[in-house]
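Single-letter residue listing:
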Amino acid sequence: MKVVIASDHGGIKLREEIKSLLTELGIEFEDMGCDCETSVDYPDYALPVAQKVADGEFDKGILICGTGIGMSIAANKVRGIRCALVHDVFSAKVTREHNDSNILAMGERVIGPGLAREIVRTWLSAEYEGGRHDKRIGKIKEYEEKNV
Ligand code: RB5
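Below you will find a few notes about this structure. (Residues numbered from 1 in each chain as written. Predicted model: local features only at pLDDT ≥ 70, side-chain atom pairs only at ≥ 80, totals over all residues. Heavy atoms only, no water.)

### Re the sheet that holds strand E4 (residues 83–85)
Turning to step 1, where the next piece is worked out: An order of E2-E1-E3-E5-E4 is seen for the five strands of this open sheet, with the pairing classed as parallel. Edge positions in the open sheet fall to strand E2 (28–31) and E4, since each of these has one partner strand only. Direction aside, the axes of adjacent strands within the sheet are offset by 20° on average.
Turning to step 2, where the next piece is worked out: As paired strands, strand E3 (residues 60–65) and strand E5 (residues 103–107) are joined by five bridges and run parallel to one another. Paired with cysteine 65 across the bridge in E5 is glycine 107. (Pairing = 2+ DSSP bridges. Helix = DSSP H or I, 4+ residues; strand = E, 2+ residues; numbered from the N terminus. Axes fitted to C-alpha atoms, helices over the stretch in contact; angles between N-to-C directions.)

### Regarding the packing of helix H1 (residues 12–25) against helix H5 (residues 113–125)
Turning to step 1, where the next piece is worked out: The N-to-C vectors of H1 and H5 enclose an angle of 45°; their axes lie 10 Å apart at closest approach. In terms of their interaxial angle, H1 and H5 are classed as oblique. The handedness of the crossing between H1 and H5 comes out as right-handed. Residue-level contacts link Leu14, Glu17, Ile18, Ser20, Leu21, Leu22, Glu24 and Leu25 of H1 to Pro113, Ala116, Arg117, Val120, Arg121 and Leu124 of H5.
Turning to step 2, where the next piece is worked out: Residues of the contact of H1 with H5, tallied by class, amount to nine nonpolar, one polar and four charged. (Parallel < 35°, antiparallel > 145°, perpendicular 65-115°, else oblique. Left-handed = near helix turned anticlockwise from the far one by under 90°. Contact = heavy atoms within 4.5 Å. Nonpolar A, V, L, I, M, F, W, Y, C, P; charged D, E, K, R; others polar.)

### A word on helix H4 (residues 89–99)
Turning to step 1, where the next piece is worked out: Looking only at H4, the buried set comprises Ala92, Val94, Thr95, Arg96 and Glu97.
Turning to step 2, where the next piece is worked out: The inward-facing, buried residues of H4 abut E3, E4, H5 and helix H6 (132–146).
Turning to step 3, where the next piece is worked out: Between the side-chain oxygen at the start of H4 and the backbone nitrogen of phenylalanine 90 there is a gap of 3.2 Å, and the oxygen is on aspartate 88.
Turning to step 4, where the next piece is worked out: The first or second residue beyond H4 is aspartate 100, which carries a positive phi of 50°. (Buried < 20%, exposed > 50% of the residue type's maximum accessible area, 1.4 Å probe, protein only. Polar contact = N/O pair within 3.5 Å; in protein donor to acceptor, adjacent residues only side chain to side chain.)

### Structural notes on the site of the ligand
Turning to step 1, where the next piece is worked out: In the vicinity of the ligand, the contacting residues are Asp8, His9, Tyr42, Cys65, Gly66, Thr67, Ile69, Gly70 and Arg109.
Turning to step 2, where the next piece is worked out: Taking aspartate 8, its side chain carries an N or O atom lying 2.6 Å from an oxygen atom of the ligand.
Turning to step 3, where the next piece is worked out: Backbone polar atom of glycine 70 to an oxygen atom of the ligand: 2.8 Å apart, as the coordinates give it.
Turning to step 4, where the next piece is worked out: The residue makeup of the shell around the ligand, split by class, is three nonpolar, four polar and two charged. (Near = heavy atom within 4 Å.)

### Here's the deal with unusual backbone geometry
Turning to step 1, where the next piece is worked out: Between glycine 33 and the following residue, cysteine 34, the backbone shows a cis peptide bond with an omega angle of 10°.
Turning to step 2, where the next piece is worked out: In this structure, aspartate 100 takes a positive phi of about 50° despite not being glycine.
Turning to step 3, where the next piece is worked out: Take aspartate 100: it is sitting in the loop between H4 and E5.

### Examining the nonpolar core
Turning to step 1, where the next piece is worked out: Counting 21 residues, the largest nonpolar core has Leu63, Ala75, Ile81 and Ile103 as the members making the most contacts within it.
Turning to step 2, where the next piece is worked out: Sequence-distant contacts of isoleucine 103, defined by excluding residues within four places in its chain, comprise Val49, Ala50, Val53, Gly61, Leu63, Ala75, Ile81, Arg82, Cys83, Ala84 and Trp123.
Turning to step 3, where the next piece is worked out: Grouped together as the second largest cluster of nonpolar side chains are 20 residues, Ile5, Ile27, Ile64 and Val86 included. (Core = buried A, V, L, I, M, F, W, Y, C linked by side-chain atoms within 4.5 Å.)

### Structural notes on the packing of aromatic side chains
Turning to step 1, where the next piece is worked out: Enumeration according to the criterion identifies zero aromatic pairs in this entry.
Turning to step 2, where the next piece is worked out: The ring centre of phenylalanine 58 lies 5.2 Å from the NZ or CZ of lysine 2, which sits over that ring.
Turning to step 3, where the next piece is worked out: In this arrangement the basic side chain of lysine 60 is found over the ring face of tryptophan 123, its NZ or CZ atom lying 5.8 Å from the centre. (Phe/Tyr/Trp six-rings, centres within 6.5 Å; stacked < 30°, edge-to-face > 60°. Lys NZ or Arg CZ within 6 Å of the ring centre and 35° of its normal.)

This is the structure:
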């Protein structure tokens, strides 16, 4: 599995924590910034990450900002992206099983590093269930195709 990760200035510390976790888990990843503590704009990080996942360059993406909200809003503008903003372990599991989410967004100002690690661990290991969920995701894809 190949993962791409990025954050804005509001998510740098949590991004480093999650990078350590990915290394511990032996998961290949690419870090797309940001590189500085000064203020940056989250769409400049969310959109390239989302495009790389949508293009199949990476299997999954992880985006972190202060709240996770800006990153998730921006990532979900990219066709084929199902970005889930998650701050609990249950949702991390179910958004993989039901929504086949391909990007996880979290907020560094919302949760601590321990919970974030559990969320990432759970999200990366949970599998999409297919079945009745295919029809629902299919409706989103159909809408995307009609509204290029
Ligand atoms: C940056 O101050 C903050 O707005 C950003 O990290 C994020 O929370 C936006 O949704």
